[in-house]
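Letter by letter, the chains look like this.
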Amino acid sequence: MPFSGRYSALAERLDADTSGVWSVHERACALQASGEAVYLLSVGDPDLPTLPSTVDHAIESLRNGRTHYAPGAGERRLREVIAEIEQRAAGRPCSPDDIIVFPGATNAIFSAMSCLLDVGDEVIVAEPMYIGYRGLFNALGATVVPVALGVNDGFRLSLEAVSAAITQRTRVVFINTPGNPAGNMIPADQLRALADLCWKRNIWLVSDEVYSMITFEERHVSLRTAAEQLENVIVIDGLSKSHAMTGWRLGWAVSHRDFARHLLQFFSATVFGCCQFVQDAAVFALQNDEEYMAEVRAKYKARRDFVCERIASIPRLDCTVPKAGMFVMVDVRGLGVDGLRFADALLEAQRVSVLPGAGFGQSTRDYVRLSLAQPLPYLDEAMNRIERFVKSRSEISADSREHARS
């Protein structure tokens, strides 16, 4: 008789995603593994290397025996450095005791939400949202209440829409600024008003700010800078995108120390600490990154400008120029298809992989996301292929209309 043990409700919730949003990327990876030339614009893993001196510092730390358990909250020196950065940026006090260090920003978000949400609680999330959020909230059994950003207004957040979405079951409002996938930035006055709204309604306000260092024309404004009250405010950040350290797994949460105490208890019961040598490297990276970060921003800006100019030159495609981050959302409605059909056909015809917009929410089902995490020559050839694909579809549509008339 075969084994028939049941899975937990959590496992079943995580297994419930049938959107197929990753199917195009997975097929692209399979084609690439078989030896085909495929242009992957569907993931956001930076092609830029970790700063070599940061790598050297980690190696030195390893050789010095920094391979043991670290304090649950994180190494004191790292939390001091983060607190100094937060204090300079926000112009208000920040203590190392307000900071908990995690193996990546995603784990920081999951840990924070685990301390805030029970099964059935509602969390309001600005949409389009990062794909990974959905699985995280499904694991917790929380009900996601999406509030669509203005796709025709530069992906602007509507405070009125957030307010209207609040119910008696709302426990958390969750924002992402700068945003993935749209590269939108929530301005200081909106952040302040949103924080005031959440404070008055006794709701937690959590902000994912992992793209805070990759901004272009405007400087990032943190929720901690804009909010007048901080007791209900939690800010998540990390080094994965800004310092090209995705594989190092290092992020953190900044909050009021009362919440930080609960967060530490949860983290200690589940993961308990990050690698000592990774934290040593993070200290070095944060203290020696000014020139490197200027180069990173310049490269992503050049890539953004190039891709957006190319999109503007292709009839029937459109995009909003992102203010930050490493992605461009492309509107494909002009071709009469949704994002999934566009992505499927593009991979089939031109071997370019992009991510269908439906994965970020229904408001962007007619979009695809292009990653800027590739060098300019690579992006040039990918855009050439996209242009050929759009032109061929336009010619097919024209032939179909002519055939219909005849």
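Just above, that's the structure.
Residues numbered from 1 in each chain as written. Predicted model: local features only at pLDDT ≥ 70, side-chain atom pairs only at ≥ 80, totals over all residues. Heavy atoms only, no water.

(A) Fine view of unusual backbone geometry. That bond from Glu-127 to Pro-128 is cis: its omega, 15°, falls within 30 degrees of zero. Relative to the helices and strands, Pro-128 is located in the loop between strand S3 (122-127) and helix H6 (131-140). Geometrically, the link from Thr-177 to Pro-178 is a cis peptide bond, its omega value of -10° lying close to zero. Here Pro-178 shows up in the loop between strand S5 (170-176) and helix H8 (188-200). Of note, the phi angle at Arg-351 is positive, near 55°, even though the residue is not glycine. Here Arg-351 lies in the loop between helix H13 (339-350) and strand S11 (352-353). On the basis of relative accessible area, Arg-351 is assigned to the buried category, the value being 19%. (Helix = DSSP H or I, 4+ residues; strand = E, 2+ residues; numbered from the N terminus. Buried < 20%, exposed > 50% of the residue type's maximum accessible area, 1.4 Å probe, protein only.)

(B) Fine view of the side chain of Arg-303. Inspection of the secondary structure puts Arg-303 in helix H12 (residues 290-312). Under the relative-accessibility criterion, Arg-303 is labelled buried at 5%. Among the polar contacts listed, one links the side chain of Arg-303 to the backbone oxygen of Gln-374, at a separation of 3.0 Å. Beyond its immediate stretch of four places on either side in the chain, Arg-303 contacts Asp-47, Leu-48, Leu-372, Ala-373, Gln-374, Pro-375, Leu-376 and Leu-379. (Polar contact = N/O pair within 3.5 Å; in protein donor to acceptor, adjacent residues only side chain to side chain. Contact = heavy atoms within 4.5 Å.)

(C) Region of interest: the nonpolar core. Judged by nonpolar contacts, the single largest core of 97 residues is most densely connected at Met-113, Phe-137, Phe-174, Leu-317 and Phe-342. The leading source of residues in this core is H12, at seven residues. The residues touching Phe-174, leaving out its near neighbours within four places in the chain, are Ile-109, Met-113, Val-123, Ile-124, Val-125, Ala-126, Tyr-133, Phe-137, Val-206 and Asp-208. Judged by nonpolar contacts, the second largest core, of 35 residues, contains Ala-126, Val-145, Ile-166 and Cys-198. (Core = buried A, V, L, I, M, F, W, Y, C linked by side-chain atoms within 4.5 Å.)

(D) Representation of the pairing of strand S4 (residues 143-148) within the structure. When S3 meets S4, the two strands line up parallel, connected through six bridges. Within S4, the residue paired with Val-125 across the bridge is Pro-146. Crossover connection from S3 via H6 to parallel S4: handedness right-handed. (Pairing = 2+ DSSP bridges. Right-handed = clockwise from strand over helix to strand, strands pointing away.)

(E) Structural detail: H13. Given a rise of 1.5 Å per residue, 12 residues ought to cover 16 Å, and the 16 Å separating the end C-alpha atoms of H13 matches this to within 8%. Where H13 is concerned, the buried positions are Gly-339, Phe-342, Ala-343, Leu-346, Leu-347 and Gln-350. When H13 is viewed along its axis, its buried side chains cluster within an angular range of 125° and face the same direction. Opposite the buried face of H13, by more than 90 degrees, sit the exposed residues Arg-341 and Glu-348. Here H13 starts with a cap whose side-chain oxygen sits 3.3 Å from the backbone nitrogen of Leu-340, and that cap is Asp-338. Within two residues after H13, Arg-351 carries a phi angle of roughly 55°, on the positive side. (Expected span 1.5 Å × (residues − 1). Arc of directions from axis to C-beta.)

(F) The arrangement of the sheet that holds S3 in detail. Taken in spatial order, the seven strands line up as S2-S8-S7-S6-S5-S3-S4 in an open sheet, and their pairing is mixed. Of all the strands in the sheet, the pair left with one neighbour each is strand S2 (99-102) and S4. The average angle at which neighbouring strand axes cross in this sheet is 20°, direction not considered. One ladder, built from four bridges, connects S3 with S5; its direction is parallel. Each residue of the ladder has a partner; that of Glu-122, found in S5, is Thr-170. (Axes fitted to C-alpha atoms, helices over the stretch in contact; angles between N-to-C directions.)

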